[in-house]
Each structure stands twice: as C-alpha cells, then as structure tokens.
Amino acid sequence: MKISVADERDIALKKIKDEIVALKSSPLYEERVKNRYFPVIGEGSHTAEIMFIGEAPGENEAKTGRPFCGRAGKVLEELLISVDIERKDVYITNIVKDRPPGNRDPLPDEISLYAPFLDRQIEIIKPKVIATLGRFSMQYVMNRYGLEWELAPISILHGKVFKVEKFKFIPLYHPAAAIYNQELLKVLKNDFQILSSML
Ligand code: URA
C-alpha cells in the first residue's frame, strides 16, 4: 500500500513528538514532571503553507500541551482573522518545547538542545513562509539559514521579507508584546498584511 505525503508527515512528526516526550536530558524535563506539564510540540496543518515559530511555552501552553493557547494566542488569533487565515490551516510551534520556569527567556543551551527538532519540523512540513514571533526565533532562523549578515534589532527587521533557498521568511514581533500596546498591535496587523501577500 502506498503511503500518502500527508501520512508520511504525520509519521515523521509523531516520531519527533515521541523523542521530545522522552527527552530526559533536557534541563527543563524535571520542571515538566514536577509540575505535570506537557511538552508543546506544535499544532496545526502538517501541509501548512505558513509556519509560525514562537519562543517557548508559557504556563497555559505547558498545562495543555498546545502552543499559543493563552493571552498571546488570543492576539495571534485576532491577527490571523484580520487577514482571513484560519488557525487550523497554519502550523504553530516554538523553538523551545518545554516551559522555562517563571516565564524567563530561553537560555542558549535550551535553544541548542531543542532547535534540531524545529529544523526537522521545517524539513517535514516544508512551509512556503516562515514567520517568527519574537527575537529569539528570529535570531535562530537567521543564523541557521544564512541570514546572519542581515541580523539587526527586531524593531528594524519586523515586517521585512527575506528569501532563503527553501522558504520565504518574515520576522514579526511577539504577539504578547501587543497585549497592552495598541500601537504595536497596529504594527503587527500591518505586518500580517505583508505576510498574507507572501503566499
Ligand atoms: N509564547 C510563546 O512564545 N509560545 C507559546 O506557545 C506561548 C506564548
């Protein structure tokens, strides 16, 4: 029996999930077990044209195993609706798949440990467009895919479109930054218009 592309992707992504679930070498594994958290692998269409990459799960995400399901997720959903894109049609993940304690920034070692899983997710899903949310995923993607010479603060790079071999790339502000900042929400809405024109 021939396996479809969608099935192949499901199998490969399930393997990533199993490996992360068993990732006892992670410095965040103890926290996961102690708090009865889940790792947050990613969610959405396995044939998505757009992949969003955030930082790391917050508490709501770690409690449910779903990315962007708290307040930042509400902002992300509002932004998607503003350009008529359905959440189920995109793929949403993070660089770091377990929650750093106290919502602190991910550490370089944590990013290095989890990033190969992200690389595999990109290889499997083959999105046309990668949109990073926040500076950590922006810096990772730019360093990883040969855009290190273009690196600059997110205040300069947000909403700019880059082309790499395999996909187009647009850095965006993190939606959490717009929770109490209407000006930034406007900037994000404008950048989402650019994103939707990249398809
Ligand atoms: N912030 C992130 O970067 N990722 C999530 O999944 C939730 C909040």
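Residues numbered from 1 in each chain as written. Predicted model: local features only at pLDDT ≥ 70, side-chain atom pairs only at ≥ 80, totals over all residues. Heavy atoms only, no water.

## Brief notes about the site of the ligand
Going by this rule: Note on terminology: near, applied to a residue and a molecule or strand, indicates that one of the residue's heavy atoms is within 4 Å of it. Residues adjacent in sequence count toward polar contacts only when both atoms are side-chain atoms; beyond that, a polar contact is any pair of N or O atoms within 3.5 Å, and within protein one must be able to donate a hydrogen and the other to accept it. Classification used: nonpolar for Ala, Val, Leu, Ile, Met, Phe, Trp, Tyr, Cys and Pro, charged for Asp, Glu, Lys and Arg, polar for all others including Gly.
Taken together, G54, E55, A56, E61, P67, F68, N94 and H174 make up the full set of residues adjacent to the ligand. A distance of 2.7 Å separates a nitrogen atom of the ligand from a polar atom in the side chain of N94. Between the ligand and H174 there is a distance of 2.9 Å, counted from an oxygen atom to a side-chain nitrogen or oxygen. Considering only residue class, the shell around the ligand consists of 3 nonpolar, 3 polar and 2 charged.

## Description of the packing of aromatic side chains
What counts here: Two rings from Phe, Tyr or Trp (for Trp, the six-membered ring) form a pair when their centres sit within 6.5 Å of each other. Planes less than 30 degrees apart are called stacked, planes more than 60 degrees apart edge-to-face, and all others tilted. Here a strand is any run of E in DSSP of at least two residues, a helix any run of H or I of at least four, and the numbering for each starts at the N terminus. Buried residues are those whose accessible area, probed at 1.4 Å on protein chains only, stays under 20% of the maximum for their type, while exposed residues exceed 50% and partly exposed ones sit between those limits. Criterion for a charge above a ring: Lys NZ or Arg CZ within 6 Å of the ring centre, and within 35 degrees of the ring normal.
Within the structure shown, the criterion is met by 3 aromatic pairs. Ring geometry for F52 and F192: centres 5.8 Å apart, planes at 10°, overall stacked. Taken as a pair, F52 in strand β2 (residues 50–54) and F192 in helix α8 (residues 182–196) lie far apart in primary sequence, 140 residues in all. Classification of F192 as buried rests on a relative accessible area of 0%. Sitting above the plane of the Y145 ring, R144 keeps its charged end 5.0 Å from the centroid.

## Notes on the sheet that holds β2
Strand-to-strand pairing in sheets goes through backbone hydrogen bonds, with the strands running parallel or antiparallel. Using the following cut-off: We call two strands paired when DSSP finds no fewer than two bridges between them.
Strand order in this open sheet of 6 strands is β1-β3-β2-β4-β6-β5, and the pairing throughout is mixed. Either end of the sheet is taken by a strand with one partner, and the two such strands are β1 (43–44) and β5 (162–163). As paired elements, β5 and strand β6 (residues 168–172) share 2 bridges and run antiparallel to each other. Across the sheet, F162 pairs through a bridge with F169, a residue of β6.

## Structural notes on the side chain of E55
Where we set the bar: Two residue types count as positive, namely Lys and Arg, and two as negative, namely Asp and Glu; His and chain ends fall outside the count. Every case where a carboxyl oxygen of Asp or Glu lies within 4 Å of a side-chain nitrogen of Lys or Arg is listed as a salt bridge. Here, residues are in contact when the closest pair of their heavy atoms is within 4.5 Å.
Checked against the element boundaries, E55 lands in the loop between β2 and α3 (59–64). With no salt bridge to any partner, buried E55 finds its closest opposite charge in R135, at an N-O distance of 6.1 Å. Not counting the four nearest positions on each side in its chain, E55 is found in contact with N94, I95, V96, D105, P106, L133, G134, F136 and H174.

## Describing the environment of V75
Along the chain, V75 falls in helix α4 (residues 71–82). Of the residues examined, V75 reaches a relative accessible area of 9% and is grouped as buried. Separated by 100 residues in sequence, V75 and P175 have C-alpha atoms that sit 5.8 Å apart. Ignoring sequence-local partners within four residues, the contact set of V75 consists of P175, A178, I179 and L185.

Remember, this is a structural readout, not a statement about activity or role.
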